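Per-entry structural report
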Amino acid sequence: MSLFKARDWWSTVLGENEEFDQGCLCLADVDNSGNGQDKIIVGSFTGYLRIFSPHSVKAGDGPQADDLLLEVHLRDPVLQVEVGKFVSGTEMLHLAVLHARKLCVYSVSGTLGNVDHGNQYQIKLMYEHHLQRTACNMTYGPFGGIKGRDLICIQSMDGMLMVFEQESYAFGRFLPGSLLPGPLAYSARTDSFITVSSCRQVESYKYQVLAFATDADKKQETEQQKLGSGKRLVVDWTLNIGEQALDICIIPFNQSASSVFVLGERNFFCLKDNGQIRFMKKLDCSPSCFLPYCSVSEGTVNTLIGNHDHMLHVYQDVTLKWATQLPHVPVAVRVGCLHDLKGVIVTLSDDGHLQCSYLGTDPSLFQAPKVESRELNYDELDVELKELQRIIKDVKSQGVWPMTEREDDLKVSAVVSSSLDSVSQATNVEVGADSVPSITVKITLQNRVVLQKVKLSLYVQPPLVSTCDQFTFDFAVPDMTSVVAFSVYLKRSYLPSELEGNVVVSYSKPTGIPRVIQCKFRLPLKLICLPGQPSKTASHKLTIDTNKPPVSLPGLFPDFANQSDDDQVNVMGFRLLGGSRVTLLASRTSQRYRIQSEQFEDLWLITNELILRLQEYFEKQGIKDFACSFSGCIPLQEYFELIDHHFELRINGEKLEELLSERAVQFRAIQRRLLTRFRDKTPAPLQHLDTLLDGTYKQVMALADAVEENQERLLQSSAGLRSATHLLILLVRLWQKLSADQTAILEAAFLPLQEDMQGLGWEETVDAAIAHLLKTCLSKSSKEQALNLNSQLSIPKDTSRLKKHITLLCDRLAKGGRLCLSTDAAAPQAMVMPGGCTPIPESDLDERSLEESAELFTNHKHLIAETPVPEVAALQGVLE
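Residues numbered from 1 in each chain as written. Predicted model: local features only at pLDDT ≥ 70, side-chain atom pairs only at ≥ 80, totals over all residues. Heavy atoms only, no water.

1. Focus: the overall build of the protein chain
- When helices and strands are tallied, the protein chain shows 13 helices and 42 strands.
- Here the protein chain, with 880 residues, has 44% of them falling under the buried criterion.
- Nonlocal contacts in the protein chain, meaning residues at least 24 apart in sequence, comprise 61% of its contacts between residues at least 6 apart.
- Carbon and sulfur atoms make up 51% of the accessible area of the protein chain, which totals about 47200 Å². (Helix = DSSP H or I, 4+ residues; strand = E, 2+ residues; numbered from the N terminus. Buried < 20%, exposed > 50% of the residue type's maximum accessible area, 1.4 Å probe, protein only. Contact = heavy atoms within 4.5 Å. Areas by Shrake-Rupley, 256 points an atom, 1.4 Å probe, with all protein chains shown as cover.)

Below, the structure written as structure tokens:
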């Protein structure tokens, strides 16, 4: 048997279909026998009260009948059982049973049997209190330093503490700001009640403060305490633990010190009397119950912590001393003395498994048999060794290790329909007067083995949306095929930054190992734009050079060709959904294409689609050396305008949210004052508080609408900035002929995965990434590499630093800088200019690099018209 399993001393199952919780178990000498032997008291939510005095049983035998001393049905659910000095005039122990609307105190007594039936036990009701509020839990102790008896404090579900001085009701107090009740404990050394509020903070209240505060019969009366009528209930100390608490226990070290133990959902805390943390322990598993007790080592405390993995851990402060396995998940754990056996661990599960166990071990009587010795044949072993060495040598000579072919457990494929839906599936669109089309995408899944928890998630770039973005499957049989279909359409009146969609399928193998598969698909351009008339003028223009003769645009874009304009084979117009127009021109005499539009970010999708279709066209022709290039100026000025607009919307959003928070605070303050006026027995004039409340309400609603509108504009600006960033990366790649790895580094720096959040946005993230590139692979000297970057990102005051870094990045790429992730390539080296020119030494550029770079990359507002090349006249003549 395993060394790390709890040794079963005695166990039983309580009733059928009964439920239990952490307050349903208690160990004490409840019958006042005086022999120091504890009894096990268990109450259930079905109303049964049982008292056990277990005896040790032999292996294989069940519990004996005389182990159960008493079983009685109390009719009401038992929330908690406690044993203490609850009856006046005597120091005998009595049993307190807490029901939802009643507190009962019983005396337990036994009578010696004269026949074989054994001893008889019975309970007698001493007194009971009917509660006006639904109870949650209770605690007891010598409140106020009283000697020889215990008082009881009950916490209701609405946060009221009700104190009972044995047979009489003392007072009731509402805890300030209480929303949900938490665990409750009493510290005798400090005479304080300690609980954990719904604000996830530990709070301590002095008993004297509770006793002298204003009596509260209604929860609303606590508002009067805040206004000065009576003594206000003030918390002694608080500590924010950041999570809900499962239980609280207080262990005294000696007369001068005690510790408060709090079991959270993920952590275990030990606090001093004044609320300071002695230590805390992060738990690996989700806990279910705990029990601290004094250790044999001076100054330390042992703690039993049960978790939902059927384990019971023993900690000495924060050190794990022992781990034992239980047959059930414990919801309550106690330690007691049963029949002269000290330190018995008693655990109770939520379905009634009651077990008494210990952490000892049983000696193993098994002895391994002796192995018969035999002589070894060294000649045969030598032949076998040479054969194995030959096999290893043959495998190494192949150059690669042979890989066993493995079929995928799940195959995922996506097919986009070749035509738009005949009946559009678009709903609740905001694109204006245009009819919004939709297109169907089919996802096929084929499994090879049985799979569990198969879930498909779909993501498309906003403002594209799908009719359904999540699917679940049940592959209970191998070799199944499932097909799902959904439609994608444009919901808003601006363009997405990409036309690619991503399908992610997560599943678990039969062994329980999770797996994830991704599948990408590309949506057609006709989903977001329509054929349109070419435009003669445009504010933003780009020219793409190629090394092959120009291709007929109607043949390249057959889905946008207009049959009435067959003579215009070198010009094509696109009208994007939402109103913007883009014109595409092909030169008749040179190998150039020009894209122009009124908005800079709208150039991206058409430019990218042009390059993709050109590559596909020449691949079909069998031409493999086709290449595109860009020889103009990088349009940084237009890009910087989009950055400034995006940053301005972020700043406006923060200002609006701050103003909305101020108005909300003002609105709540006016509400409180009005409520006080309405409750006052003597009517008083409102002093225009109602008018002020109405005006503040209108301001709150107007600010909330402004926040939503700004958020929508920020989403649109983010999509435009992302499109412009894609275009900038494409132009830099064509300009410097970057490899795929270098382009991936550039995309990782300019296109972070996260969206704009309240604490972290695009500007500071990209600025940190570009600054890292400038100080590593694009650094001028080792001195720059030694500079440390700020590890804390925060929203900047303006975008000037970001724009300088982007300009400097393009400047160093123009001088031959190379993007890489290895540290060796980041060392300073002599860079070579394109065309074989030697660059000016970097030391001469320290003062003017940014200024010259700004001139180099920003003077390009109309780069086609200002460039004196012969092809310009031909390009302009196409539209005339």
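Having seen the structure, we can now continue with the description.
2. Focus on the packing of helix H8 (residues 740-750) against helix H9 (residues 762-775)
- Two numbers describe how H8 lies on H9: the axes approach to 8 Å, and their chain directions differ by 140 degrees. Between H8 and H9, the contacting residues are Ile745, Ala749 and Phe750 on the first element and Trp762, Val766, Ala769, Ile770 and Leu773 on the second.
- In terms of residue class, the contact of H8 with H9 is made up of eight nonpolar, no polar and no charged. (Axes fitted to C-alpha atoms, helices over the stretch in contact; angles between N-to-C directions. Nonpolar A, V, L, I, M, F, W, Y, C, P; charged D, E, K, R; others polar.)

3. Some remarks on empty space enclosed by the protein
- Under the definition given, this model contains four cavities of 30 Å³ or more.
- In this model, the largest cavity occupies a volume close to 70 Å³.
- Along its surface, the largest cavity is lined by 13 residues, and Leu175, Ser178, Leu180, Ser197 and Glu203 are the ones closest to its centre. (1 Å grid on protein atoms, 1.4 Å probe; cavity = no way out; pocket = protein on both sides within 12 Å on 5 of 7 lines; lining within 4 Å. Points joined across faces, edges and corners; volume = space filled by probe spheres on them.)

4. Brief notes about the sheet that holds strand S14 (residues 184-187)
- Strand order in the open sheet formed by four strands is S14-S15-S16-S17, and the pairing between neighbours is antiparallel. Two strands lie at the open edges of the sheet, namely S14 and strand S17 (237-240), each paired on one side alone. For this sheet, the mean inter-axis angle between neighbouring strands, taken without regard to orientation, is 20 degrees.
- In the sheet, S14 pairs with strand S15 (residues 192-196) via four bridges, with the strands oriented antiparallel. Pairing of serine 187 across the sheet is with serine 192, part of S15. (Pairing = 2+ DSSP bridges.)

5. Observations concerning the sheet that holds strand S2 (residues 25-28)
- What the four strands build is an open sheet, ordered S2-S3-S4-S5; its pairing is antiparallel. On the outer flanks of this sheet lie S2 and strand S5 (68-73), each paired with one strand and no other. Adjacent strand axes in the sheet meet at a mean angle of 15 degrees, parallel and antiparallel pairs treated alike.
- Across five bridges, the pairing between strand S4 (residues 48-52) and S5 is antiparallel. Looking at S5, one finds that arginine 50 is bridged to glutamate 71.

6. Structural notes on the nonpolar core
- Ranked by size, the top nonpolar core spans 100 residues in total, and within it Leu445, Phe574, Tyr639 and Phe750 carry the most contacts.
- Once residues lying within four places of it in the same chain are set aside, the contact partners of leucine 445 are Leu410, Lys411, Val412, Val454, Leu456, Phe473, Phe475, Met480, Thr481, Ser482 and Val505. (Core = buried A, V, L, I, M, F, W, Y, C linked by side-chain atoms within 4.5 Å.)

7. Some points on the pattern of salt bridges
- Tallying each qualifying case throughout the model produces 26 salt bridges.
- In this structure, glutamate 763 and arginine 650 form a salt bridge, with 2.6 Å as the shortest nitrogen-oxygen distance. One end of the pair, glutamate 763, is in helix H9; the other, arginine 650, is in helix H6 (residues 636-679), and 113 residues separate them in sequence.
- Judged by relative accessible area, glutamate 763 falls into the buried class, the value being 1%.
- One salt bridge connects lysine 698 with aspartate 694, and the closest N-O pair in it is separated by 3.5 Å. Highlighted residues: lysine 698 and aspartate 694, both in helix H7 (residues 689-736), separated by four residues, approximately one helical turn.
- The exposure class assigned to lysine 698 is exposed, which follows from its relative accessible area of 53%.
- Beyond isolated ion pairs, a larger network of salt bridges with shared partners links Arg522, Asp559, Glu609 and Arg613. (Salt bridge = Lys/Arg side-chain N within 4 Å of Asp/Glu carboxyl O.)

8. Description of the packing of aromatic side chains
- In this structure the tally under the stated criterion is 21 aromatic pairs.
- Taken together, Phe143, Phe171, Tyr186, Phe193 and Tyr207 form an aromatic cluster joined through their ring pairs. (Phe/Tyr/Trp six-rings, centres within 6.5 Å; stacked < 30°, edge-to-face > 60°.)

9. Things to note about the side chain of histidine 94
- Structurally, histidine 94 can be placed in strand S7 (residues 94-98).
- Its relative accessible area of 6% is what places histidine 94 among the buried residues.
- Beyond its immediate chain neighbours, meaning those up to four positions away, histidine 94 contacts Glu82, Val83, Gly84, Phe86, Val87, Val105, Tyr106, Ser107 and Met126.

10. Here's the deal with the packing of H6 against helix H11 (residues 800-814)
- Two elements in contact, H6 and H11, have axes whose closest approach is 11 Å; the angle formed by their N-to-C orientations is 155 degrees. The angle between the axes of H6 and H11 places the two elements in the roughly antiparallel class. The handedness of the crossing between H6 and H11 comes out as right-handed. Of the residues in H11, those touching H6 at Leu636, Tyr639, Phe640, Ile643 and Asp644 are Leu802, Lys803, Ile806, Thr807 and Cys810.
- Its residues placed into classes, the contact of H6 with H11 shows seven nonpolar, one polar and two charged. (Parallel < 35°, antiparallel > 145°, perpendicular 65-115°, else oblique. Left-handed = near helix turned anticlockwise from the far one by under 90°.)

11. A word on H9
- With 14 residues, H9 should reach 20 Å at 1.5 Å per residue; the first-to-last C-alpha distance of 20 Å fits that figure.
- For H9, the tally of buried residues reaches ten of 14 residues, placing the bulk of the element in the interior.
- All of the buried residues along H9 are Trp762, Glu763, Glu764, Thr765, Val766, Asp767, Ile770, Ala771, Leu773 and Leu774. (Expected span 1.5 Å × (residues − 1).)

12. Things to note about a nonpolar patch on the surface
- Taken together, the side chains of Val209, Val234 and Val235 present a nonpolar region at the surface, about 190 Å² in accessible area.
- By secondary structure assignment, the location of valine 209 is in helix H1 (residues 207-212).
- Residue valine 209 is classed as partly exposed on the basis of its relative accessible area, which comes to 31%. (Patch = residues over 30% accessible without salt bridge, like charges linked within 9 Å, V, L, I, M, F, W, Y side chains within 5 Å.)

13. Some details on the confidence of the model for the protein chain
- For the protein chain, per-residue confidence averages 82 on the pLDDT scale, and 83% of positions sit at 70 or higher.
- Across the protein chain, element-level confidence peaks in S7 with a mean pLDDT of 95 and bottoms out in helix H13 (residues 871-877) with 40.
- Note that residues 221-230 has pLDDT below 50 and, in this model, 15 contacts with residues that lie over four places away or in other chains.
- Note that residues 823-880 has pLDDT below 50 and, in this model, 92 contacts with residues that lie over four places away or in other chains. (pLDDT = per-residue confidence, 0-100.)

14. A closer look at the layout of surface pockets
- Roughly 850 Å³ of internal volume is contained in the second largest pocket.
- For the second largest pocket, the lining is made up of 27 residues, of which Glu498, Glu500, Lys520, His726 and Glu747 are closest to its centre.
- Among the secondary structure elements, those contributing two or more residues to the lining of the second largest pocket are strand S35 (500-508), strand S36 (514-522), helix H5 (603-620), H7 and H8.
- Of all the elements, H5 adds the most residues to the lining of the second largest pocket, at six residues.
- In the lining of the second largest pocket, the residues fall into twelve nonpolar, seven polar and eight charged.

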